[in-house]
Structure formats: C-alpha cells, structure tokens
Amino acid sequence: IMAKYVAGVMAGWLDKDITHLSSQELEDEESDEEDLFSDDYKEGCSQADIPFAANTALEEILELCSKPNPNLTLPRRLFSDIISQSSDGSRLAKSILHQALDRLPAPDDTFNASFESIAKNLTTVSHLMLNSVEVAMSLSEKLKHEVVDPSLPPSGNAFELSSILRPLFLLGGYTLPCVGFERGQSTSAIKSTSAIKGYRFYDALKSAEAFPLGYFDSSRGIDPSITKVIDEARSIMRHARSETSRVLRHCMRKKGDKDNVFCWLGRLVHANGMQATLLQEQLLDERGDVHGTLSSRPFLMGTALSVLEMCCRVLVQNYEKNGIDAFDARYLMSTNGSLIVSSDERRLIDLGGTAINRAIENIPGTFSGATELFFLTSALLRVSIFPGIRTRGEYSRRYKTTFSQLRQLAGDSSGNHAQLPEVYKKCVAGLLGWDTCLDDRELMGRIVEFSILQLRFLADLSERHSRGADALLALIPESMVKLPSQYIAHVAT
C-alpha cells in the first residue's frame, strides 16, 4: 500500500513537470525560439541550455537513475507503478526518455565533457530502458515512426537528424572528423550532419600542451598529455557503445519491438549504401553533394559498432551450437533483406533471378533474430567501418607531406608548436581522430571475431551439396567474403 501511495505521489509530481515543460515548449514555438526536441535544438543548444530546473521531480528521478546502484532506489516495480498511475502514462514515458537523452552532450557542443559525466548520463538511459517497459516501448514506437514517416526524405542526412537515438550513436564514434574539417571548408549540408562543428576531440587535444608535435617525437614517444586525451576518448566511445548496446537490447524485448529495430537498421543501411561505393576522390571531397546526403561517419560508426557489441558473441555461440542452420540466407530475399543489399551488387555466384526463384522455395514470412542481426550487422559494417578504413588511408596519403614536416619539427628542439598554423593542428587532430577510433584493440578483436564468423558461414554454405545451395550463394553479396578477408589481413599486418 505504501509503495502504491509513493508511486502515486511521484506520478503527480512528474505529471506537473511534464505539463510545465510542454507549456514552455509551446511558448517557445510561438516566440520562434528553438524547440527543446527539434533538430535545430540539437544543432545549437548546449547541455546547460536544457530548460528544466535541477530541483524538479523529473530531474531528481533522472539523477537517481544515474547512481551506481539505481535498482536500490528505483526498482522496476516502482517505475511501473509510477507510469501506471500517471494521468497520461504514454506521454510521461516519452518525456522521461527524451529528457534522459537530452542530458547527453549536444552534437556540436565543445565543452570539455568528462568521461565521468558522460558515463553517468549514459547509465541513466540504459537503466530507464532496463527497468521501464513503458519507456522501452516508447523508444520502439519512435523508431517505427522514423521508418514509416512519409514526410521524412530517404537520405541518410535526414534519417540521422530525425533520429531520437542520434546523441547515443554519435558518442560511439565521436572522434571521427567531418569531411573537410581540417581545411575548414565543410559545406552547410555536411555541417548539419557532421555533429562536429566544434569537434570536441580537437578541443580536448588543443588543451594538451605538447599538441601537435608531441605526437611525432620519435625519440621520446607520444607525449603523455596527448595519450591521456586519446585514452579518455576511447573510454568514452567504448562506454557509449556498451550502454547503447544495452539500450537496443532492452528495446527488443518483444517481437514487435524487435521488428521496429530491425526495420530501422535496414533503413539506415539503405539510406547510406553509397558509403560503400564511394570513389577514392570522393572520400574526402567536401565540395560535392555526396556527403551532404549521407549520415555522418560518427553516427554510422557508433550505430554499427553498438550493434556489433550487442550481438557478436551471441551470434558466435549460436553458430557453434547450430552450425550453418543458425542463419538463413533466404533473408536477403525478404523485404528488409532487399534493403541492405542492392540489386546491382555483385554476388558470389551469378545464377540470375529466374534460376534463383526456381531453386529456392517456401521463403519464410519471418526470420530468426539471429539471422536478421547477422546480415544487418554485416551490412552496417559495410557502410561504416570499411569505408572508414579507406578514408583513413586516403587521409594519411593526402597529408603525408604535412606529417613528414611535423616529424622534422618535432625532432628540432628549437621548434615552437604554438606558432604552427591552425590547419596543421587540424590535420593532426583528424588523423588522431581516425586512429583513436579504428585502432582500438578491443574493437579490432570484435570485428575480427565477426569477420571470421562470416567466413565460416560462407565456407560451410559452399560445401553443402543440398538442392538450392548454389542459389543461396547467389544471394550472398561478394562483399561478405571480400571485406572480412581484407580486414583480417589488415589487422595481421
């Protein structure tokens, strides 16, 4: 009885806070000010601008969720009772979710957010998803709306800007520089999705006294002040991907919620398919419209690697148990499967559509979660990590002379790094941004593990001599063999 009473009192307090926030938003719209939940807000508002007082019941709830053992003070039963006794439980769940996400650093925020503060706010989001079915359902419904909303253009740019999960996914790859950052020539379209107008990682590097020459001093190694910035950035990205993987897992408790997440991921891959086919000269070309229509690289990288963390070990264990039957290649003929592999992509075997349709019968209406995640993860890596590796290589090649000059200066004891042109510092920041993300040993090990899984599946499938085996191979894109093999060779060297 007491628990019900406490939940009812807290629900009343939260309803008042939400009503107050809603009225504030309405006033902001009428006065042409930025709306709390709009994309413009995300582009220009800092965390300090979030318009609710620190002593509101909503803020107190979120603070409790960020504690090391939040289950002790806000158990699942209490959460459920609070939302069930609210005058509008659905609205309350949505508002709690939005406010929790708004505590994360805004995409273009340049303030020096510490690992502790970011980790605290990430914990808040994952705890809410774990302990409130209603909050998890509100996220699932929002993802469903993002997929089916006819008012949203099909570009990766628009898809990212409209996503409620944008703050979470951006943190998973936030050190990656936007196209043209080092020359300060990003187009307005690219800036709108890059999430790094201020480039928080660059601001942190500039605070290191030895930056940038301290990175190139071969006699003494990388300066500790720079290493500290790199280590903290890796910690933030690792923790962000870990917490985001938990958020996704909690959002997929029910079949309908899983479908919403799978459709959302498939739509993201489809909207960014061009990432996998960019020409070498397009990888760093900020002048064209190519990158302005695609999702930003931090967003894609954060999404792909969070999904990989969520499912990699589970998929490997599933394959150890069930072998080749763990994944069904017929998925690539389904509605969602056709989104992630374009019709003009080369396949392992060229049989032609008619022969495939004759050989493959009884295509299931639904597929296992393992099958969906296996092919979706492969496709996500195809449009994120592998284009990223190509871009890092092109970046190093383009600025090879600049980096050689900096190495010479670093060996000269009379050199003064404070007098270096800003463009030199930005070039180094871009290089470190790529290296910090891509050369994370923990991340590399997980990608190798998934790459081996793909190659094992395809090798076993090629050895199966049952009817329709060749037709199944004819569904598999060539990239599922080529890219994992290249990555394993890349890591080995």
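Just so it is clear, the model here is predicted, and its values are computed rather than measured. Think of each chain on its own: its residues are numbered from 1, step by step along the sequence as written. Totals for whole chains, interfaces and linings use all residues, but because this is a predicted model, local features are given only for residues with pLDDT of at least 70 and pairs of side-chain atoms are given and counted only at 80 or more. Derived side-chain values reflect all non-hydrogen atoms in the structure, with water molecules and hydrogen atoms excluded from consideration.

A. Spatial organisation of the overall build of the protein chain. Strands here mean DSSP runs of E at least two residues long; helices mean DSSP runs of H or I at least four residues long; both are numbered from the N terminus. Summing up its helical and strand segments, the protein chain has 23 helices and 0 strands in all. Relative accessibility thresholds used throughout: buried, under 20% of the residue-type maximum; exposed, over 50%; partly exposed, between the two (1.4 Å probe, protein chains only). Of all 493 residues assigned to the protein chain, the portion counted as buried reaches 54%. Calculation of accessible area relied on Shrake-Rupley with a 1.4 Å probe; when residues are assessed, cover is drawn exclusively from the protein chains displayed. In the form shown here, the protein chain has an accessible surface area of approximately 21600 Å², with 52% of it arising from carbon and sulfur atoms.

B. Local environment of the packing of helix α17 (residues 369-382) against helix α23 (residues 479-492). Every axis corresponds to a line fitted to the C-alpha atoms, with the helix fit spanning only the stretch in contact, and the corresponding angles, defined between N-to-C directions, vary from 0 to 180 degrees. For the pair α17 and α23, interaxial distance at closest approach is 11 Å and the crossing angle is 60°. On the basis of their axis angle, the class for α17 and α23 is oblique. Crossing geometry of α17 relative to α23 is assigned as left-handed. Contact residues: F374, F375, S378 and R382 in α17; S479, M480 and L483 in α23. In this classification, the charged set is Asp, Glu, Lys and Arg, the nonpolar set is Ala, Val, Leu, Ile, Met, Phe, Trp, Tyr, Cys and Pro, and all remaining amino acids, among them Gly, are polar. In the contact of α17 with α23, the residues fall into 4 nonpolar, 2 polar and 1 charged. Relative orientations are named as follows: roughly parallel for angles under 35 degrees, roughly antiparallel for angles over 145 degrees, roughly perpendicular for angles from 65 to 115 degrees, and oblique for any other angle. When the near helix sits turned anticlockwise from the far one by under a right angle, the crossing is termed left-handed; a clockwise turn instead gives a right-handed crossing. Here, two residues are considered to be in contact whenever any of their heavy atoms come within 4.5 Å of each other.

C. Fine view of the packing of helix α18 (residues 385-398) against α23. Contact geometry for α18 and α23: axes closest at 11 Å, N-to-C directions at 50°. For the element pair α18 / α23, the angle class is oblique. The way α18 lies across α23 gives a crossing that is left-handed. Listed contacts from α23 to F386, I389 and R392 of α18 are L483, P484, Y487 and H490.

D. Region of the structure containing the pattern of salt bridges. A side-chain nitrogen of Lys or Arg and a carboxyl oxygen of Asp or Glu constitute a salt bridge if their distance falls within 4 Å. The final tally for this structure, using the stated rule, is 21 salt bridges. A salt bridge links D81 to R77; the shortest N-O distance between them is 3.6 Å. Here R77 and D81 lie together in helix α4 (residues 76-84), a separation of 4 residues that amounts to about one turn. Residue D81 is classed as buried on the basis of its relative accessible area, which comes to 6%. Given a relative accessible area of 59%, R77 falls into the exposed group. The salt bridge involving D325 is made with R464; its shortest N-O contact spans 3.2 Å. Of this pair, D325 sits in the loop between α14 (297-322) and α15 (335-340) while R464 is found in the loop between α21 (441-463) and α22 (469-473), placing the two residues 139 residues apart along the sequence. Assessed through its relative accessible area of 59%, D325 is described here as exposed. Residue class for R464 comes out partly exposed when judged on its relative accessible area of 33%. Connected via shared salt-bridge partners are E59, E63, R103 and K120.

E. Focus on the nonpolar core. Think of a nonpolar core as a cluster: buried Ala, Val, Leu, Ile, Met, Phe, Trp, Tyr and Cys residues, connected wherever their side-chain atoms sit within 4.5 Å. In terms of nonpolar packing, the biggest core is built from 135 residues, with F327 and F375 touching the most fellow members. Element by element, the count of residues in this core is highest for α14, at 13 residues. Apart from residues lying up to four places away in sequence, F327 is in contact with L315, Y319, A370, T371, F374, F375, L453 and F457.

F. Broad picture of the environment of F159. Locating F159 in the fold gives a position in helix α8 (residues 156-161). Take F159: its relative accessible area is 1%, and that puts it in the buried class. Sequence separation between F159 and W264 is 105 residues; the distance between their C-alpha atoms is 9.7 Å.

G. Geometry of unusual backbone geometry. Omega for the peptide link from F211 to P212 comes to 5°, which places this bond in the cis form. For P212, the position within the fold is in the loop between α11 (200-206) and α12 (224-251).

H. Examining the side chain of N336 more closely. On the secondary structure map, N336 appears in helix α15. Contacts described as polar in this section are N or O atom pairs within 3.5 Å, which, within protein, must combine one atom able to donate a hydrogen with one able to accept it, while residues neighboring in sequence count only if both atoms come from side chains. There is a polar contact of 3.1 Å between the side chain of N336 and the side chain of Y331. Beyond its immediate sequence surroundings of up to four residues, N336 is in contact with F262, C263, G266, Y331, E372 and L376.

I. Structural detail: the packing of aromatic side chains. Aromatic rings from Phe, Tyr and Trp, taking only the six-membered ring of Trp, are treated as a pair when their centres fall within 6.5 Å; an angle between ring planes under 30 degrees marks them as stacked, one over 60 as edge-to-face, and anything in between as tilted. For the structure shown, the criterion picks out 21 aromatic pairs. An angle of 70° between the planes, with centres 6.5 Å apart, marks the rings of Y202 and F211 as edge-to-face. For F211, a relative accessible area of 4% corresponds to the buried category. Centroid distance F327 to F457: 5.7 Å. Interplanar angle 70°. Geometry classified as edge-to-face. Note that F327 is positioned in the loop between α14 and α15 and F457 in helix α21, a separation of 130 residues in sequence. Residue classification places F457 among the buried positions, given a relative accessible area of 1%. Following the ring pairs from residue to residue traces out a cluster consisting of Y319, F327, Y331, F367, F374, F375, F450 and F457. Between the NZ or CZ atom of K426 and the centre of the ring of F181, over which it lies, the distance is 5.2 Å. When the NZ atom of lysine or the CZ atom of arginine is within 6 Å of a ring's centre and also within 35 degrees of its normal, the charge is said to sit over that ring.

J. Examining α14 more closely. Expected span of a helix, by definition, is 1.5 Å for each gap between consecutive residues, and there is one gap fewer than residues. In this model, α14 (26 residues) spans 35 Å end to end at C-alpha, consistent with the 38 Å of a helix rising 1.5 Å per residue. Bend at a residue means the angle formed by two fitted axes: the first through the 7 residues ending at that position, the second through the 7 residues beginning there. The axis of α14 is deflected most strongly, by about 40°, at C311. Just downstream of α14 lies G323, where phi reads positive at about 65°.

K. Expanded view of α23. The end-to-end C-alpha distance of α23, which contains 14 residues, comes to 19 Å, matching closely the 20 Å that a straight helix rising 1.5 Å per residue would cover. Looking at the packing, one finds that the buried side of α23 touches α17, α18 and α21.

L. Geometry of the state of the cysteines. Disulfides are defined as pairs of cysteine sulfur atoms found within 2.5 Å of each other. Taken as a whole and judged by the stated rule, the model has 0 disulfides. Free cysteine: C311, not disulfide-bonded; nearest cysteine sulfur from C312 at 6.7 Å.

M. Focus on a nonpolar patch on the surface. Among the surface-exposed residues, M2, Y5 and V6 lie close enough to one another that they form a single nonpolar patch of about 340 Å² accessible area. You can see V6 is positioned in helix α1 (residues 2-30). Assessed through its relative accessible area of 33%, V6 is described here as partly exposed. Each patch is built from residues lacking any salt bridge and having more than 30% relative accessible area; the joining distance is 9 Å for like charges and 5 Å for nonpolar side chains (Val, Leu, Ile, Met, Phe, Trp, Tyr).

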